[in-house]
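Reading the structure
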Amino acid sequence: MSLWFTHPLFLPSVIIGLTIVLWATSLLPEFITALLFFAAAMVAKIAPPDVIFGGFASSAFWLVFSGFVLGVAIRKTGLADRAARALSARLTDSWLQMVASVVLLSYALAFVMPSNMGRIALLMPIVAAMAARAGINEGTRSWYGLALAVGFRTFQLSATILPANVPNLVMSGAAEGSYGIHLNYLPYLLLHTPVLGILKGLILIGLICWLFPGQPHAPKDLTPPEPMSREEKRLAWLLAVVLTMWVTESWHGIGPAWTGLAAACITLLPRVGFINGDEFSSGVNIRTCIYVAGILGLAITVTQTGIGAAVGNALLHIMPLDPAQPFTSFLALTGTTTALNFIMTANGVPALFTTLAQSFSDATGFPLLSVIMIQVLGYSTPLLPYQASPIVVAMALGKVPARAGMLLCIALAVATYLVLLPLDYAWFSVLGKL
């Protein structure tokens, strides 16, 4: 027993474990748990400050921040209500149609906009305005369903599009750095879209309609919209430039976070921008920014302290990997990804799993590339919201309680593992990947 207390990973494991338990159970507000993690990790010196606070240097953090700022401007100028007016006139005939349209819009945007956080920041004020016009008020179960549709579709289904998801990019970089394997856009899309894109999207729509029922009505205000104001036009042009920069990132090399941050700065400039200091302080949710930084910092700390590698190696020795039982091996690899998701969150899982892929390949007889691809189902299906920061951000923007997010997380995970996992295995087999 005393050896446990003297082990170099004991104290980091305790701090990280308690942080995860507090996030998973919501015993404390999420941002307070994040602050406690920062404080405990620094007092105990489990990692250098640049590791513990690494979330604040992450592009994901600044995308969240800039998304909040741009969202405030979109709502203030009336641009969100204008877009919602155009959408609600056609897409609010039924609750099923409304949920499906939000899900489809979120997925379609993933093909042209590479940032989960950016898509959520752009869509949430528009969906909120569309919901209000259809008689769905914030704080109701039906509103929670629409907000979760944005978050879950944006994160979970964008995993089928290679450049549209941070974990995908981490996996791609790890595969290239560790094995010289370059993942290609179209083969990746073909492998994952039928099951994890289309079928999972249909299940998501069904679950939201069932768990969060709603009764939208046709908009009562049928008067033609007024011409766009000067402020709306200016903001529309700014957003068009931002979206163009996001889509063409591969050409100019400027990350979406820094494009978004530059746009946020312009939005805040006196006499040039759109919002003042009071609107900034009331509209930008610093609590969520701290929470996201805590999640990202925890994932970096898990990797840098060696906890992730230790857990991965331990799982390697206990998993039932056998070339004679390919489905069991497929199930075990997916389960491994799910287990790692609890301690590393979705952004950190591919960095560790991919480095262990050669060992998994040797133990299962699966091709190395197939082993790398199997993890997508696991890290794109969180069991709890904190495992995927885009879902957390969508819940914060929509003021969705933790219980509602956890309910949909668990329901979708159960449906995924019971229904979609066998179908995913069959699709891998049809394509000759196993």
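Residues numbered from 1 in each chain as written. Predicted model: local features only at pLDDT ≥ 70, side-chain atom pairs only at ≥ 80, totals over all residues. Heavy atoms only, no water.

A few words on the packing of aromatic side chains. Taken as a whole and judged by the stated rule, the model has ten aromatic pairs. Summarising the aromatic geometry, the rings of Phe353 and Phe360 are spaced 5.1 Å apart at their centres and angled 45° between planes, so their arrangement reads as tilted. When the ring centre of Tyr107 is taken as origin, the NZ or CZ atom of Arg153, which lies over that ring, is 4.0 Å away. (Phe/Tyr/Trp six-rings, centres within 6.5 Å; stacked < 30°, edge-to-face > 60°. Lys NZ or Arg CZ within 6 Å of the ring centre and 35° of its normal.)

Attention now goes to a nonpolar patch on the surface. Taken together, the side chains of Ile198, Leu199, Leu202, Ile410, Val414, Leu418, Val419 and Leu423 define a hydrophobic patch exposed on the protein surface, amounting to about 710 Å² of accessible area. When residues of the nonpolar patch are traced back to their parent elements, those giving at least two are helix H11 (185-211) and helix H22 (402-430). Here the element with the most residues in the nonpolar patch is H22; it accounts for five residues. Counting through the fold element by element, Leu418 comes out in helix H22. Overall, the relative accessible area of 63% leaves Leu418 in the exposed class. (Patch = residues over 30% accessible without salt bridge, like charges linked within 9 Å, V, L, I, M, F, W, Y side chains within 5 Å. Areas by Shrake-Rupley, 256 points an atom, 1.4 Å probe, with all protein chains shown as cover. Salt bridge = Lys/Arg side-chain N within 4 Å of Asp/Glu carboxyl O. Helix = DSSP H or I, 4+ residues; strand = E, 2+ residues; numbered from the N terminus. Buried < 20%, exposed > 50% of the residue type's maximum accessible area, 1.4 Å probe, protein only.)

Leaving glycine out, the prevailing phi sign among residues is negative, and the prevailing peptide bond configuration is trans. One non-glycine residue, Arg271, adopts positive backbone phi at about 65°. Within the secondary structure, Arg271 sits in the loop between helix H14 (256-268) and helix H15 (277-283). Although it is not a glycine, Lys399 sits at a positive phi angle of roughly 55°. Checked against the element boundaries, Lys399 lands in the loop between helix H21 (389-397) and H22.

One can find Ile286 in helix H16 (residues 286-305). Between the C-alpha atoms of Ile286 and Phe31, which are 255 residues apart in sequence, the distance is 8.9 Å.

In this section: the confidence of the model for the protein chain. When the pLDDT values of the protein chain are averaged, the result is 82; 90% of them are 70 or greater. Mean pLDDT across the secondary structure elements of the protein chain bottoms out at helix H1 (residues 2-6), with 55, and peaks at H22, with 93. (pLDDT = per-residue confidence, 0-100.)

Membership of the largest hydrophobic core comes to 135 residues, with the highest contact counts inside it found for Trp143, Leu146, Leu333 and Leu408. Per-element accounting of this core gives the leading share, eleven residues, to H11. In contact with Leu333, other than residues within four places in its own chain, are Met319, Leu321, Phe353, Phe360, Thr364, Phe366, Val371 and Ile374. (Core = buried A, V, L, I, M, F, W, Y, C linked by side-chain atoms within 4.5 Å. Contact = heavy atoms within 4.5 Å.)

With respect to the helices and strands, the residue Ala73 is situated in helix H5 (residues 59-77). We classify Ala73 as buried; its relative accessible area is 0%. With 203 residues separating them along the chain, Ala73 and Asn276 place their C-alpha atoms 9.9 Å apart. Beyond its immediate chain neighbours, meaning those up to four positions away, Ala73 contacts Leu235, Thr267, Phe274 and Ile275.

The subject of this paragraph is the pattern of salt bridges. Considering all chains together, one arrives at three salt bridges under this definition. Here Glu279 and Lys76 are joined by a salt bridge, their closest N and O atoms 3.0 Å apart. Here the residue Glu279 occupies a position in helix H15, and Lys76 occupies one in helix H5, the gap between them amounting to 203 residues. Taking the shortest distance from any N to any O, the salt bridge between Glu231 and Arg234 comes out at 2.9 Å. In this pair, Glu231 and Arg234 both sit in helix H12 (residues 230-247), three residues apart, roughly one turn of the helix.

Below, the discussion takes up the environment of Glu279. Glu279 gets classed as partly exposed once you look at its relative accessible area, which sits at 24%. Separated by eleven residues in sequence, Glu279 and Leu268 place their C-alpha atoms 9.7 Å apart. Within the structure, Glu279 has its side chain in polar contact with the side chain of Lys76 (distance 3.0 Å). (Polar contact = N/O pair within 3.5 Å; in protein donor to acceptor, adjacent residues only side chain to side chain.)

Tracing the sequence through the fold places Thr19 in helix H2 (residues 10-25). If near-sequence neighbours (up to four positions away) are discounted, Thr19 is found in contact with Thr33, Phe37 and Leu298.

Compared with the 22 Å implied by 1.5 Å per residue over 16 residues, the 21 Å span of helix H9 (residues 141-156) between its first and last C-alpha is a close match. Across the 16 residues that make up H9, a large majority, 15, are buried. (Expected span 1.5 Å × (residues − 1).)

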